[in-house]
Amino acid sequence: MRPTATRLDGMPGAKSFSPWWGDTSIHKQRGVVVYTVSPFRQRGSKAVIRGWLFNGYRRLAAQVPYWIVPFAIGYGTYTWGNSRYAWQNSKAGHIALGDHHH
């Protein structure tokens with residue numbers, strides 16, 4: 001019986017230059033920098049709610065002058081248009097505008 005050729009199975013052998021994926025036992029690697037985060041710094045959401053309550057409110061309040069004026073103009077136009085539409089379709093509006101339907 002003939003054994004299977006090791007060069008065809010996809011695994012690097014002893015004379016192979018590059019190791020199997022992730023295996024660093026064959027060659028000493030140089031210039032690899034690994035960064036880690038301290039466990040004391042990993043609590044990323046610790047102050048999210050408290051920070052939003054103060055900083056978020058301050059940031060939203062700083063934007064009020066930029067959106068309150070367009071909002072007021074839009075709301076005023078909307079309410080004026082609705083009241084004008086209701087008046088034009090009323091009996092008094094028809095009489096005042098001279099639209100007499102016979």
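Note that the coordinates shown come from a computational prediction; the quantities given were computed from them, not determined experimentally. Position labels on residues start from 1 in each chain and follow its written sequence. Predicted model: local features are reported for residues with pLDDT of at least 70 only, side-chain atom pairs are reported and counted for 80 or more only, and whole-chain, interface and lining totals are derived from all residues. Side-chain numbers come from the whole structure's heavy atoms, not from hydrogens or water.

A. Quick peek at the overall build of the protein. The secondary structure content of the protein amounts to two helices and zero strands. Counting over 102 residues, the protein shows a buried share of 2%. A total of about 10,500 Å² of accessible surface is found on the protein, and carbon and sulfur atoms cover 62% of it. Secondary structure is summarised from DSSP: a helix means a run of H or I of at least four residues, a strand means a run of E of at least two, and numbering begins at the N terminus for each. Exposure is judged per residue with a 1.4 Å probe applied to protein chains only, and the accessible area is read against the type maximum: over 50% gives exposed, under 20% gives buried, and values in between give partly exposed. Surface accessibility follows the Shrake-Rupley procedure with a 1.4 Å probe radius. Residue values consider only the protein chains on display as shielding.

B. How the structure looks around the environment of Asn55. Tracing the sequence through the fold places Asn55 in helix α1 (residues 48–88). Throughout this description, a polar contact denotes any pair of N or O atoms lying within 3.5 Å of each other; where both atoms belong to protein, one of them has to be capable of donating a hydrogen while the other can accept it, and for residues adjacent in sequence the pair is counted only when both atoms sit in side chains. Side chain to side chain, Asn55 and Arg58 meet in a polar contact 2.5 Å long.

C. Spatial organisation of the packing of aromatic side chains. Planes of paired rings set the category: under 30 degrees apart is stacked, over 60 is edge-to-face and the rest tilted, where pairs are Phe, Tyr or Trp rings (Trp by its six-membered ring) whose centres lie within 6.5 Å. Scanning all chains against the criterion turns up two aromatic pairs. A centroid spacing of 6.3 Å and a plane angle of 10 degrees characterise the contact between Phe71 and Tyr75, whose relative ring orientation is stacked. Within this pair, Phe71 and its partner Tyr75 are both found in helix α1, separated by four residues, close to a single helical turn. Comparing Phe71 with Tyr75 shows no difference in burial state: the two are exposed.

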